Amino acid sequence: MTTGWILDSGGAGRGAWQGGVIYEFMGWCRENACYPGVSMGASAGGYAAADVATGTERTVMKGWSRWGMDDLLRRYPPPAEAGRLRLQSRFRRHLYASICYVMAEEEVRNVFDAGAARKLLIFTTRVRRRDGHPLGGRDRLRLFLQSATRKLPASLKYLPAMYAQDPVIFASHLPDELCSEFVRPLTRRNYHGVIEASCLVPLAMGLPLPPDAIHPDPGEGGLPHYPGDQGAQFIDGGYTLKMPMALFEEDPRFRALGHWAAADKIVVFCCDPKGRLWETSSRLRALNDRPAVRRAVAEGRLLLIYPDHQVEAGFLCVENARTLRTFERGREQGRRLLAAERVRRFLSS
């Protein structure tokens, strides 16, 4: 019996709540020999999935206990090439430092330990202009507005048509036969960059990442490996993928990956306060009423977890004290859930 965890996006605030819950779940599952074999997610959920893939809840505590601390900024300054340093937001600098600090050599070794056989899938979004022009400041503003209007009614959402936006999934221990332009290997070389790219909402979090920053190996002359990468940038995975259930079944580009990453039981840590399984951050389709999802819930193959209280910290919070309060509230909820027989039975059966 295999279990997979899907970790939702939600920024620093709901990410801290999610971190608290999974901290408790990771410890319980490790002690009871029912640790998930697959973890996946976008943005804060992609980072959380990487925590899960290390095999120890210590990674989660390491990250959230130090989130927003200025000493990490001094220890891990972002790269300054091509003017990137000047254009990074304060949140982005904390994100970069956190990834470097949390995902140190021991954590990376655990993720890529072939003996552990834990699969990690991190969702990113490749965006490029349809007219072939390079992305500039106005494009980043438009993409930010797309994110900023995500909660509005469908008729009022800003969905700019001048961009091609494709989900690109990076996976650890990926078989060669599954590699494609849209399914790529996650390696020691691109690991930190992929996590960073998955979290990057344009403008709010600074510059996107170019394709070369997240290739497992640089192409000849530094050129992209894939034609569609020409002139493209990589941004927050939630733009094109948060919940993969429908994509794995409906999109032929990802069907084989879905079979490879399939698990007998799925736990979804959903950041939406009403437990809505939004397929993307644009909130155009919630998957709760999809027949396959309803059937999985009814048959006891899918467990949905979402906040049972108002999350205190906000999307771009870098205040350590507030973040830790949010994290601890998540831990409290995690302990309440694990006290329920139905939850323990779902995880261990």
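Residues numbered from 1 in each chain as written. Predicted model: local features only at pLDDT ≥ 70, side-chain atom pairs only at ≥ 80, totals over all residues. Heavy atoms only, no water.

**Thoughts on the overall build of the protein**
Part 1 of the reasoning: Tallying secondary structure elements over the protein gives 13 helices and 8 strands in all.
Part 2 of the reasoning: Along the first, second and third principal axes, the C-alpha set of the protein runs to 55 × 45 × 45 Å.
Part 3 of the reasoning: Out of the 349 residues in the protein, the part that is buried amounts to 57%.
Part 4 of the reasoning: Contacts in the protein between residues at least 24 apart in sequence constitute 79% of all its contacts with a sequence separation of at least 6.
Part 5 of the reasoning: Taken as a whole, the protein presents about 14,800 Å² of accessible surface, with 52% of it coming from carbon and sulfur.
Part 6 of the reasoning: Once the 49 positive and 38 negative side-chain charges of the protein are each reduced to a mean point, those two points are 5 Å apart. (Helix = DSSP H or I, 4+ residues; strand = E, 2+ residues; numbered from the N terminus. Buried < 20%, exposed > 50% of the residue type's maximum accessible area, 1.4 Å probe, protein only. Contact = heavy atoms within 4.5 Å. Areas by Shrake-Rupley, 256 points an atom, 1.4 Å probe, with all protein chains shown as cover. Lys, Arg positive; Asp, Glu negative; His and termini not counted. Charge placed at Lys NZ, Arg CZ, Asp CG, Glu CD.)

**Notes on a nonpolar patch on the surface**
Part 1 of the reasoning: Taken together, the side chains of Leu-141, Leu-145 and Leu-203 make up a nonpolar region of the molecular surface, amounting to roughly 240 Å² of accessible area.
Part 2 of the reasoning: Secondary-structure assignment places Leu-145 in helix α7 (residues 137–148). (Patch = residues over 30% accessible without salt bridge, like charges linked within 9 Å, V, L, I, M, F, W, Y side chains within 5 Å. Salt bridge = Lys/Arg side-chain N within 4 Å of Asp/Glu carboxyl O.)

**Let's talk about the packing of helix α1 (residues 11–31) against helix α12 (residues 320–338)**
Part 1 of the reasoning: Contact geometry of α1 with α12 gives a least axis separation of 7 Å together with a crossing angle of 40°. Relative to α12, the element α1 is oriented oblique. Considering the relative orientation of α1 and α12, their crossing is right-handed. Every residue of α12 that contacts α1 at Gly-13, Ala-16, Trp-17, Gly-19, Gly-20, Val-21, Tyr-23, Glu-24, Phe-25 and Trp-28 is listed here: Thr-323, Thr-326, Phe-327, Gly-330, Arg-331, Gln-333, Gly-334, Arg-335, Leu-337 and Leu-338.
Part 2 of the reasoning: Counted by class, the contact of α1 with α12 contains 9 nonpolar, 8 polar and 3 charged residues. (Axes fitted to C-alpha atoms, helices over the stretch in contact; angles between N-to-C directions. Parallel < 35°, antiparallel > 145°, perpendicular 65-115°, else oblique. Left-handed = near helix turned anticlockwise from the far one by under 90°. Nonpolar A, V, L, I, M, F, W, Y, C, P; charged D, E, K, R; others polar.)

**Here we look at the side chain of Thr-323**
Part 1 of the reasoning: Along the chain, Thr-323 falls in helix α12.
Part 2 of the reasoning: Residue classification places Thr-323 among the buried positions, given a relative accessible area of 0%.
Part 3 of the reasoning: In contact with Thr-323, not counting residues within four places along its chain, are Ala-16, Trp-64, Trp-67 and Cys-317.

**Some words on the nonpolar core**
Part 1 of the reasoning: Core analysis: the largest hydrophobic core is formed by 101 residues, its most contacted members being Trp-5, Phe-25, Leu-121, Tyr-191 and Leu-347.
Part 2 of the reasoning: Among the elements that take part in this core, α1 stands out by supplying 10 residues, more than any other. (Core = buried A, V, L, I, M, F, W, Y, C linked by side-chain atoms within 4.5 Å.)

**Digging into the pattern of salt bridges**
As a working rule, side chains carrying opposite charge can pair if their charged atoms are close by.
Part 1 of the reasoning: Following the criterion strictly, the structure yields 35 salt bridges and no others.
Part 2 of the reasoning: The shortest N-O distance in the salt bridge between Lys-62 and Glu-107 comes to 3.4 Å. With Lys-62 in helix α3 (residues 58–66) and Glu-107 in helix α6 (residues 105–111), the pair connects residues that are 45 residues apart, well separated along the chain.
Part 3 of the reasoning: We classify Glu-107 as buried; its relative accessible area is 9%.
Part 4 of the reasoning: With a closest N to O distance of 3.2 Å, Asp-289 and Arg-294 form a salt bridge.
Part 5 of the reasoning: Take Asp-289: its relative accessible area is 58%, and that puts it in the exposed class.

**Description of unusual backbone geometry**
If a residue is not glycine, its phi is most likely negative; likewise, a peptide bond is most likely trans.
Part 1 of the reasoning: Although it is not a glycine, Ser-43 sits at a positive phi angle of roughly 60°.
Part 2 of the reasoning: Along the chain, Ser-43 falls in the loop between β2 (38–42) and α2 (44–53).
Part 3 of the reasoning: In this structure Ser-43 comes out as buried when scored by relative accessible area, which is 5%.
Part 4 of the reasoning: Positive phi, close to 55°, is recorded for His-173, a residue that is not glycine.
Part 5 of the reasoning: Tracing the backbone through its elements, the reader meets His-173 in the loop between β4 (163–171) and β5 (183–185).

**Concerning the pairing of strand β8 (residues 302–305)**
If a strand is regular, its side chains alternate between the two faces of the sheet.
Part 1 of the reasoning: Two elements, strand β7 (residues 265–269) and β8, share 4 bridges in a ladder whose sense is parallel. Among the inter-strand pairings, Val-268 is bridged to a residue of β8, identified as Leu-304.
Part 2 of the reasoning: As for the winding sense of the linkage, the β-α-β connection from β7 through helix α11 (residues 291–298) to β8 is right-handed. (Pairing = 2+ DSSP bridges. Right-handed = clockwise from strand over helix to strand, strands pointing away.)

**Some details on the packing of aromatic side chains**
Two numbers describe a pair of aromatic rings. These are the distance of the centres and the angle of the planes.
Part 1 of the reasoning: A full pass over the atoms with the stated rule returns 8 aromatic pairs.
Part 2 of the reasoning: Seen in terms of ring centroids, Trp-67 and Phe-91 are 5.4 Å apart; in terms of plane orientation they differ by 65°. Their pairing is edge-to-face. With Trp-67 in the loop between α3 and α4 (70–75) and Phe-91 in helix α5 (residues 90–102), this pair connects stretches of sequence that are 24 residues apart. Taken as a pair, Trp-67 and Phe-91 share a single burial class, namely buried.
Part 3 of the reasoning: Plain terms: the ring middles of Phe-170 and Phe-234 are 6.5 Å apart, the flat faces sit at 65° to each other, and that makes the pair edge-to-face. One end of the pair, Phe-170, is in strand β4; the other, Phe-234, is in strand β6 (residues 233–236), with 64 residues separating them in the sequence. Phe-234 matches Phe-170 in its accessibility class, with the two residues each being buried.
Part 4 of the reasoning: Each residue in the set Trp-5, Phe-25 and Phe-269 is aromatic and connected to the rest through ring pairs, giving one cluster. (Phe/Tyr/Trp six-rings, centres within 6.5 Å; stacked < 30°, edge-to-face > 60°.)

**Some remarks on the environment of Ala-44**
Part 1 of the reasoning: Residue placement: Ala-44 occurs in helix α2.
Part 2 of the reasoning: Here Ala-44 falls in the buried class, since its relative accessible area comes to 16%.
Part 3 of the reasoning: Taking the C-alpha atoms as reference points, Ala-44 and Ser-198, 154 residues apart in sequence, are found 7.9 Å from one another.
Part 4 of the reasoning: Not counting residues up to four positions away in its chain, the partners in contact with Ala-44 are Asp-8, Gly-10, Gly-11, Gly-15, Gln-18 and Cys-199.

**A word on the side chain of Thr-54**
Part 1 of the reasoning: Considering the arrangement of structural elements, one finds Thr-54 in the loop between α2 and α3.
Part 2 of the reasoning: Within the local environment of Thr-54, its side chain forms a polar contact with the side chain of Thr-59, the two groups lying 2.7 Å apart.
Part 3 of the reasoning: When residues no more than four places from it in sequence are discounted, the contact partners of Thr-54 are Thr-59, Met-103, Glu-107, Asn-110, Val-111 and Arg-118. (Polar contact = N/O pair within 3.5 Å; in protein donor to acceptor, adjacent residues only side chain to side chain.)

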